[in-house]
Every structure is written in structure tokens, then in C-alpha cells.
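# Overview (structure and organization)
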Amino acid sequence: MGDHDTMQAHLRAALCADDPWTALYALNTDRPAALAAAAEELYRSDPDRDAFRPYLTSLLQGLGEAGAEVLLRLLAEPAFAARDRQDLLRAAVTRGLRLPAALLRSYAVEALAADGSEARADSPVAPALVDAMGLSGDLSFAPRLGTLLEDPAARARAALALGRLGARGWTAPIAAGLSEVSGLEHTAFAVALELLDDPVAVPYLLRWLAESGEERVHDVHLALVRLTRRDPLLPEGASGAAYASAVRAAWAESRTERAPEVVRDLVVESDALARFSVDEGAGRIRVAFDPPVPGSSWPRWNRSLTFDGKPLYQVGSVCDTCELGLTLLDWPDQEATRIAARMRGRLADLDRLDTALLAEWSPVLGELETGHYRALLLDLPLEEVSEPADSWWYRRVTARARQDGDEDECGEDTPEDFWPGVAHLQLTAPVAGGRVPFTYGALMPSQPPEALDPATVARHAAAIAAGKRPAAVVLGWIDDRYVRAQHEERWLVGAVLDGHHRLAAYAAAGVPARVLLLAREGEGGVTDGGVEGLAELAAAYGCRD
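This write-up is about the structure you can find in this document.

## Looking at the overall build of the protein
Per the secondary structure count, the protein includes 23 helices and 14 strands. In terms of overall dimensions, the protein is globule-like: its C-alpha atoms have a radius of gyration of 26 Å, near the 24 Å expected for 545 residues. Referenced to the eigenvectors of the C-alpha coordinate spread, the extents of the protein come out at roughly 80 × 70 × 45 Å. For the protein, the residues scored as buried account for 51% of the 545 residues in total. Residue pairs in contact within the protein that sit at least 24 positions apart in sequence constitute 68% of those at least 6 positions apart.

Structural data, given as C-alpha cells:
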């Protein structure tokens, strides 16, 4: 039996298993092209395609470029029934594929004819078709998508599709429609305006901000920040009616011109703890919502840590019952990594925080996102981790399984499934807490670890051995989760802004690393700054020289 026949036999056996999803997941995907070819052949020829269809399309969706090529070929096959084509279309949309406009028009005609409707080549009727038209890059679909803004069943998808197309001719209708929608539809309309990035929307947003209920204010505020590039500071801890009132006051009298960034309210509480606020921050380093995933019902879901608008790590959703996970996306441009280097002069042997020091660093701190911050000077026991099985990202899952007495909790998952994609530093042990039993900790690099210069690491190691304590600068936050509504879990997550060589030297020497942690507090329900968790870290590891 040849390789192709063997792969097809393995695939057929997985499809016929008692649990096809688990069996497919367990298939060896080291050869995605061969697996995609076997899936295509089964899809075209197997008499049980109706039963296998959802499994095969899902499999192809996850096979990278090889799977995408097969999806495109199958989508162009006229012999398949409408239900086949719809499954393939949904898979292509989830994969984010740009399909040919002619193919989408033929799908629209076919779908309408199947419904007994008048055949019109520009008329989408299925949700996935609306999404696909938004991904197509073809503005000829905009007029029909625009008419769907009046259809309650399709208007949220249509608005997002117009946003993805960049169809600015529909900015005003989408903005005017904010008053007609609520909940996730309201969020979809606001996100569509962010995707369009059209200043025409700003007057509509300002008027709607003054009139809308408090539950809709957050969406409007985020859209205004995105469109005007103005990011006003809101009161610390504001929520509900107080938050809505603060947002309206910040945008009162149509103030949309961005002011220079200001670092203010500097308060030093101890040698190891200080507070400050950034107003109209430049936001060169920030956690921002990703563009919505096509086909998803959640217009705002995943977030990424970005440097100058370029995503560095995906940090997942704000869902507090979902598991936290980080994924490396790309390395930032060199200019972004030089921001914190402007603090380096005072970092060579940092033993305490003071007002003069923070004031001196204000030009650098102003590069951060607007918000209220804690600055903590910590001595963190860190270790380098390069093997997925050794990381807390995986070990916390096995710890939960032992706690539950369920050694099978990980199922078919492997350590690699939880790995963020890059070697990093982590706390040598979780931090014991109060309300939340443990705080895990991981500091992620903002430049490739293999780019470290051994001579520079050795120089810092010599300084550390001589009693010096050079500090690294880390932008971080505390993330609280109640995983599956069963396990309270807290994380210190940080991105190293400056000091990769210093941290490597500390880890190699087994000496707690001096870290200046800059942590933003949560505002508007978007991120959890975790003041409680930061206090526990300060108590455990605060610098006491």
C-alpha cells in the first residue's frame, strides 16, 4: 500500500471512529499536503460524504495553505449539492479566504433559485455569503450589502462586511443606524465604523454618545478613540453610570483634537511601589482588540499586545471563564524596542523608586496607552523555559487535573497546544495568594531570544556577581480567570520592553531578577489590571534594598 493509500485509510478510519473529532485531531499532520489530498479525494468520491462532510471541511480548514487550496478547488466544483457548497463556504470564511467575485455571484444565484426567489447575481442570502463578500475585496458587492442594513437578520454581518471591504460610502448609514441596534449588533456597527476608519463617522458618534443609554457608551468611546486617535483619561475605577458620565464629559463640546501626552498624578508609596497616570498616551505599546473573526458572533473578542500597531502576542479574549493563553504573532520593528532603552541610564543599578526618577522618565511613560498605572520594583525568581512541558502554561493544566482527580482532563491536548510559541522566562514557582490560591507568572520576550549577544549577557552577569542590580523594564498586567467556572486562576503576564540580556544573566546566575513592572489598571470592563494581585506580588517580591 502506497503512502497515499495509507493516508486515506488512516483518514477513513478516523472518520468512522466513535469520536471522529478526537480521531481527526490525533492524525499526524506533519504532512498537511498529503492529508489535504486524501481529504479532497474522499470528499469527491465517498458515498458517505453527507456523514463525513462537516468533519472533512473542518479538517481542511486547519491544514494551512494545503487545505486552503483544496477548499478553493472544491468550491469551484459545480457538481456538488447546495449543502456541500454551503459547508465549504463556511469553512473558507472561517479560514479568511478571499474568494473570486464571480464564484460568489454564482453562489448567490444558486441560493436564491433554491429558495424560489428571483435570481439576482448580487443578492446574498446565506450568512456565510455575506461574510465572504466582505472578504472578497470587491466593492461591487457594497450596494447589495448596504441594503441588508435594513434587515434585522443580516444587518450586523452586513455592517462588518462593508467595514472589511472599506466601503466608506456606507459610513454614514452605518453610523446613523447605531440608534436602531443594541447588544452585540450595536458592537458590530461600532466595530464596522472602526474598520472603515472614516472621520465622517465622528459627528454621528458624538451625537449618539450624548443620547445613548449607558450600556452602549463603551462601544462608542472605543470607536471615537480609534477614529480620532484621541485617548482621554477616565477616572480610576469608574463603572456603570459613573463610567458613562465620565466618557460623555471627556468628549463634551465635540473635543476631538488630540492633546500632547501627559504623565501626572505621580505618587510614590514606597521604595518599591508608585502610581502614575498617562493622559492622551501615545499608545505605541498597548493591548488592543483584534479585527473580528469572519463568521464569529462576537465583534470584539480576541486581543493582541501591539507595538506601533503591529501585533506581537495574541492575548486571547476577555471572557473570564476561558483559559488564558498567549501566542507569538510577530516581532516588532526595531524602533519599538528602543522606547524603553531611553530609561537605561538609571536602570544600571536601580534600588528604589522616587518621584524625580518617574518624572525623568515621563517622556517614555507617555508612549504607553492612556490609563492608570502601578510601577513596582520587584526581585523576581525567574527561570528560562524552552520546553513546552516545563512551562506553567501547561503545568497549570496538569495541576488542575490532579486537583480534580481527573488525570484525563488534558484529553488529547499536548504541551505544545498550550505553548506560546517562543522560549521565555517564568516564575520558578507560583505565588501563594489569598482569594486566588496561586499566581502564575510569565515574562515574554519582545525580540527573538536567539538574537541575544552572549558577550552582553556575560557583561551583565559580571555586574550581578559584583553586587550590582541592573533592572529590566516589563509592561505587564494581572489576569484573573475562573476557568470553566471551576478553577480560580491568576497570572502575571509581562512583555519585556528593555533588558533581555539582563534577565538572561539573572536566570543563568540563579539570582532574583530586578524588574521594573509597569502595570495598567483595567477601565471600562476591557482589561483586568488586578490591583489585588499586584499588591500580593509587591508583598512577596518587592525590592527591599
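## A short note on the nonpolar core
Membership of the largest hydrophobic core comes to 88 residues, with the highest contact counts inside it found for Leu-11, Leu-89, Leu-145, Ile-174 and Leu-205. In this view, Leu-11 contacts Leu-24, Leu-27, Leu-35, Ala-38, Ala-39, Leu-42, Leu-56 and Leu-59; residues no more than four positions away in its chain are not counted. In this structure, Ile-285, Leu-347, Val-397 and Val-493 belong to the second largest nonpolar core, which totals 48 residues.

## Topic: the packing of aromatic side chains
In total, this model carries 7 aromatic pairs according to the counting rule given. Both rings, one in Trp-298 and one in Trp-301, keep their centres 5.3 Å apart while their planes meet at 40°; by these two values the pair is tilted. On the basis of an interplanar angle of 10° and a centroid distance of 4.0 Å, the ring pair of Trp-393 and Trp-491 is categorised as stacked. Placement of the pair is Trp-393 in helix H19 (residues 392-404) and Trp-491 in strand E13 (residues 487-498), with a sequence separation of 98 residues. You'll find Trp-393 and Trp-491 in the same group, each marked buried. An aromatic cluster of at least three residues, connected via ring pairs, comprises Trp-392, Trp-393, Tyr-440 and Trp-491.

## Concerning the side chain of Arg-85
Along the chain, Arg-85 falls in helix H6 (residues 82-94). At a separation of 3.1 Å, a polar atom in the side chain of Arg-85 contacts the main-chain carbonyl oxygen of Glu-77.

## Looking at the pattern of salt bridges
Scanning the model with the defined rule gives 42 salt bridges in all. A salt bridge links Arg-73 to Glu-40; the nearest nitrogen and oxygen atoms lie 2.8 Å apart. A residue pair is termed long-range when its members are at least 10 positions apart, and Arg-73 in helix H5 (residues 64-75) and Glu-40 in helix H3 (residues 32-45) qualify at 33 residues. Relative accessible area serves as the criterion here: at 40%, Arg-73 is assigned to the partly exposed category. The class of Glu-40 is buried, set by a relative accessible area of 12%. Between Asp-265 and Arg-264 there is a salt bridge, with the nearest N and O atoms lying 2.8 Å from each other.

## Some points on helix H13 (residues 201-211)
Residues of H13 that are buried include every one of Ala-201, Val-202, Leu-205, Leu-206, Trp-208 and Leu-209, and no others. Tucked into the core, H13 has its buried residues touching helix H11 (171-176), helix H12 (183-196), helix H14 (217-228) and helix H15 (240-250).

## Details of the sheet that holds strand E5 (residues 310-316)
Two pairing modes exist for strands in a sheet, parallel and antiparallel, and in both the strands are linked by backbone hydrogen bonds. The antiparallel open sheet is built from 4 strands, whose spatial order is E3-E4-E5-E6. Each of the sheet's edge strands pairs with one partner strand only, and the pair in question is strand E3 (285-289) and strand E6 (327-328).

## Some remarks on the packing of helix H10 (residues 155-165) against H12
A pair of packed helices is characterised by two quantities: the angle between their axes and the separation of those axes. At their nearest, the axes of H10 and H12 sit 8 Å apart, and the two run at 10° to each other. When the axes of H10 and H12 are compared, the pair comes out roughly parallel. For the pair H10 and H12, contact is made by Arg-155, Ala-156, Ala-159, Leu-160, Leu-162, Gly-163 and Arg-164 and by Glu-185, Ala-188, Phe-189, Val-191, Ala-192, Leu-195 and Leu-196, respectively. Residue composition of the contact of H10 with H12, grouped by class: 10 nonpolar, 1 polar and 3 charged.

## So, the pairing of strand E1 (residues 262-270)
Inspection of the sheet shows E1 paired to strand E2 (residues 273-279) by 6 bridges, in the antiparallel sense. Bridge pairing in E2 places Val-268 opposite Ala-274. Linkage of E1 to E2, two consecutive antiparallel strands, is achieved through a turn of 2 residues.

## Side note on the side chain of Gln-8
With respect to the helices and strands, the residue Gln-8 is situated in helix H1 (residues 3-15). Gln-8 gets classed as buried once you look at its relative accessible area, which sits at 14%. Among the polar contacts listed, one links the side chain of Gln-8 to the side chain of Glu-41, at a separation of 3.3 Å.

## Considering unusual backbone geometry
Phi at Asp-265 takes a positive value of approximately 55°, unusual for a residue other than glycine. Mapping Asp-265 onto the fold places it in strand E1. With a relative accessible area of 43%, Asp-265 lands in the partly exposed category. We note that Glu-280 has phi near 55°; this positive angle belongs to a residue other than glycine.

## Some remarks on the environment of Phe-289
Relative to the elements of secondary structure, Phe-289 occurs in strand E3. Note on Phe-289: relative accessible area 22%, which makes it partly exposed. Measuring from C-alpha to C-alpha, the distance between Phe-289 and Gly-316 comes to 9.3 Å, with 27 residues separating the pair along the chain.

## As for a negative patch on the surface
The grouping of Glu-387, Asp-390, Asp-413, Glu-416 and Asp-417 at the surface amounts to a negative patch. Tracing the backbone through its elements, the reader meets Asp-417 in helix H20 (residues 415-418).

What counts and what doesn't
- Residues numbered from 1 in each chain as written.
- Predicted model: local features only at pLDDT ≥ 70, side-chain atom pairs only at ≥ 80, totals over all residues.
- Heavy atoms only, no water.
- Helix = DSSP H or I, 4+ residues; strand = E, 2+ residues; numbered from the N terminus.
- Rg over C-alpha atoms; globule rule 2.2 N^0.38 Å.
- Buried < 20%, exposed > 50% of the residue type's maximum accessible area, 1.4 Å probe, protein only.
- Contact = heavy atoms within 4.5 Å.
- Core = buried A, V, L, I, M, F, W, Y, C linked by side-chain atoms within 4.5 Å.
- Phe/Tyr/Trp six-rings, centres within 6.5 Å; stacked < 30°, edge-to-face > 60°.
- Polar contact = N/O pair within 3.5 Å; in protein donor to acceptor, adjacent residues only side chain to side chain.
- Salt bridge = Lys/Arg side-chain N within 4 Å of Asp/Glu carboxyl O.
- Pairing = 2+ DSSP bridges.
- Axes fitted to C-alpha atoms, helices over the stretch in contact; angles between N-to-C directions.
- Parallel < 35°, antiparallel > 145°, perpendicular 65-115°, else oblique.
- Nonpolar A, V, L, I, M, F, W, Y, C, P; charged D, E, K, R; others polar.
- Patch = residues over 30% accessible without salt bridge, like charges linked within 9 Å, V, L, I, M, F, W, Y side chains within 5 Å.
- Areas by Shrake-Rupley, 256 points an atom, 1.4 Å probe, with all protein chains shown as cover.
- Lys, Arg positive; Asp, Glu negative; His and termini not counted.
- Charge placed at Lys NZ, Arg CZ, Asp CG, Glu CD.

By themselves, these are just geometric observations and shouldn't be taken as functional.
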